[in-house]
Amino acid sequence: MPSNATEEDKRELSVNMQVKTLIDLRSVTELKEDESLKDGLIYQGFDSVIWTRSSGAWLVDGEGNKISRITPSKRHRIKKFFSNNNDDEDSDDNDDGNSNNNNNNKNKNDNEIVRGNERHFVAIMDERKYLVGTLQRIRKRTVARLVLTSPALASKRVRTKSKAVIMDTINEGGLPVLNDLILQMARRGIRYVLETIADPERHPVVIYCTAGKDRTGVLTAILLSYLGVEDELIVGDYEKSKNVYKEMDDRKAMVGALQQRDLDPDVFLDAPAQVMRETLEGIRDIYGSVEEYMEWIGFNEEDRLRLRAALLVDHAELN
């Protein structure tokens, strides 16, 4: 991730690559642990956008206060926020900016600015989502036992025991189950990321999490597979992340938004080729194809065509 990049890589990102959009997939817990979250060498000049499942995407100020909602129809412009001028605080439902009020039309250009570089915080997974997703998979008898010891009714000791049952299930399933849970439980966040990438004006785009192998790995696999890249090439790209935790040497670094202490390090800190093979095969077995998975999460054919156009370059244009 950019925060722990070398100084040389930071300059590469900010100067040479001229990145317009950063997409940070880390959970709130991980962000709180990042002491370089406001590193000026990388992040200066980027507007912060926070996406949550409940409230959607919002442009926020330096303190995290909401300024303006970001909707698909406002991809190219962001409204200025005027805290003491009610005439400029249009409803979120008025996405096209049109109004029967001639004065509002006259001042339209004054009330909008062209979007600059953006830094999107999209916490696609957290511990709760893993627990809920795992709960849906385990045997009914185990579910019944956990319901009887619901965190809302039980003591801390019982809640800890309930979590241990679920974490045992994740540990037994290993990384393939972790990736399956990401595909299932992060679907709305994944759709938002795909919508963002489908806007060519936001390119170049950098996507990252903590280690870049689980959440980022699944998203990258979806993109590459949709564009027609062969499985083994995707697998080879994923496998390059197998030593990333050893290089980070940080026991606090989370794995797919889960604490390392809850996971088998010999399994979850690795990136074996077979894991990505099983993940790609699983998408086809469960959803039918990558395209059908995209349809399932609400990313329809029109969206996919925009994404393809944004990511592919006609060879004739390069000559």
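These lines cover the structure that appears in this document, whether it is placed above or below.

What counts and how
- Residues numbered from 1 in each chain as written.
- Predicted model: local features only at pLDDT ≥ 70, side-chain atom pairs only at ≥ 80, totals over all residues.
- Heavy atoms only, no water.
- Salt bridge = Lys/Arg side-chain N within 4 Å of Asp/Glu carboxyl O.
- Helix = DSSP H or I, 4+ residues; strand = E, 2+ residues; numbered from the N terminus.
- Buried < 20%, exposed > 50% of the residue type's maximum accessible area, 1.4 Å probe, protein only.
- 1 Å grid on protein atoms, 1.4 Å probe; cavity = no way out; pocket = protein on both sides within 12 Å on 5 of 7 lines; lining within 4 Å.
- Points joined across faces, edges and corners; volume = space filled by probe spheres on them.
- Nonpolar A, V, L, I, M, F, W, Y, C, P; charged D, E, K, R; others polar.
- Pairing = 2+ DSSP bridges.
- Axes fitted to C-alpha atoms, helices over the stretch in contact; angles between N-to-C directions.
- Contact = heavy atoms within 4.5 Å.
- Parallel < 35°, antiparallel > 145°, perpendicular 65-115°, else oblique.
- Left-handed = near helix turned anticlockwise from the far one by under 90°.
- Patch = residues over 30% accessible without salt bridge, like charges linked within 9 Å, V, L, I, M, F, W, Y side chains within 5 Å.
- Areas by Shrake-Rupley, 256 points an atom, 1.4 Å probe, with all protein chains shown as cover.
- Lys, Arg positive; Asp, Glu negative; His and termini not counted.
- Charge placed at Lys NZ, Arg CZ, Asp CG, Glu CD.

1. Things to note about the pattern of salt bridges
(1) Moving on: Per the counting criterion, the structure on display carries 10 salt bridges.
(2) Moving on: The partner of glutamate 30 in a salt bridge is arginine 215, and the shortest N-O contact between them spans 2.8 Å. Note that glutamate 30 is positioned in helix α2 (residues 28–33) and arginine 215 in helix α9 (residues 215–226), a separation of 185 residues in sequence.
(3) Moving on: What makes glutamate 30 buried here is its relative accessible area of 6%.
(4) Moving on: The partner of glutamate 232 in a salt bridge is arginine 277, with the nearest N and O atoms 2.8 Å apart. With glutamate 232 in helix α10 (residues 231–239) and arginine 277 in helix α13 (residues 273–287), the pair connects residues that are 45 residues apart, well separated along the chain.
(5) Moving on: Because the salt bridges share partners, they merge into one network encompassing Asp24, Arg26 and Asp34.

2. Examining the layout of surface pockets
(1) Moving on: Volume-wise, the largest pocket comes out at about 770 Å³.
(2) Moving on: Val28, Leu31, Leu37, Ile50 and Phe121 are the residues nearest the centre of the largest pocket, which is lined by 33 residues in total.
(3) Moving on: Mapped onto the lining of the largest pocket, the elements with two or more residues apiece are α2, α3 (40–43), β2 (46–52), β7 (117–122) and α5 (127–135).
(4) Moving on: A per-element tally of the lining of the largest pocket places β2 first, with 5 residues.
(5) Moving on: Among the residues making up the lining of the largest pocket, the classes are represented as 14 nonpolar, 9 polar and 10 charged.

3. As for the sheet that holds strand β4 (residues 66–70)
(1) Moving on: Read from one edge to the other, the open sheet built from 6 strands follows the order β4-β3-β2-β7-β1-β8, with strand pairing classed as mixed. Because the sheet does not close on itself, it has two edges, and the strands there are β4 and β8 (205–208). If you compare each strand with its neighbour and ignore which way they point, the axes differ by 25° on average.
(2) Moving on: Summarising the sheet, strand β1 (residues 21–24) and β7 pair through 4 bridges and their orientation is parallel. Bridge pairing links leucine 22 to arginine 119 in β7.
(3) Moving on: Sitting on the sheet, helix α8 (residues 187–197) is in contact with β1, β2, β3 (56–60), β7 and β8, with an inclination near 170° to β7.

4. Looking at the packing of α10 against α13
(1) Moving on: Following both chains from N to C, one finds α10 and α13 inclined at 135°, their axes separated by 8 Å at the closest point. One element, α10, and the other, α13, form an angle in the oblique class. Classified by chirality, the crossing of α13 by α10 is right-handed. Contacts from Asp231, Glu232, Ile234, Val235, Tyr238 and Glu239 of α10 reach α13 at Ala273, Val275, Met276, Arg277, Leu280 and Arg284.
(2) Moving on: Class assignment of the residues belonging to the contact of α10 with α13 gives a composition of 7 nonpolar, no polar and 5 charged.

5. Concerning the pairing of β4
The two faces of the sheet receive side chains in turn, since in a regular strand these alternate between them.
(1) Moving on: Pairing geometry for β3 and β4, over 4 bridges, is antiparallel. When the sheet's bridge partners are listed, alanine 57 is paired in β4 with isoleucine 70.
(2) Moving on: Between β3 and β4, which pair antiparallel one after the other, the connecting turn spans 5 residues, and glycine 64 there sits at a positive phi close to 90°.

6. So, a negative patch on the surface
(1) Moving on: On the surface, a cluster of negative charge is made up of Glu33, Glu35, Asp249 and Asp250.
(2) Moving on: Residue class for aspartate 249 comes out exposed when judged on its relative accessible area of 69%.

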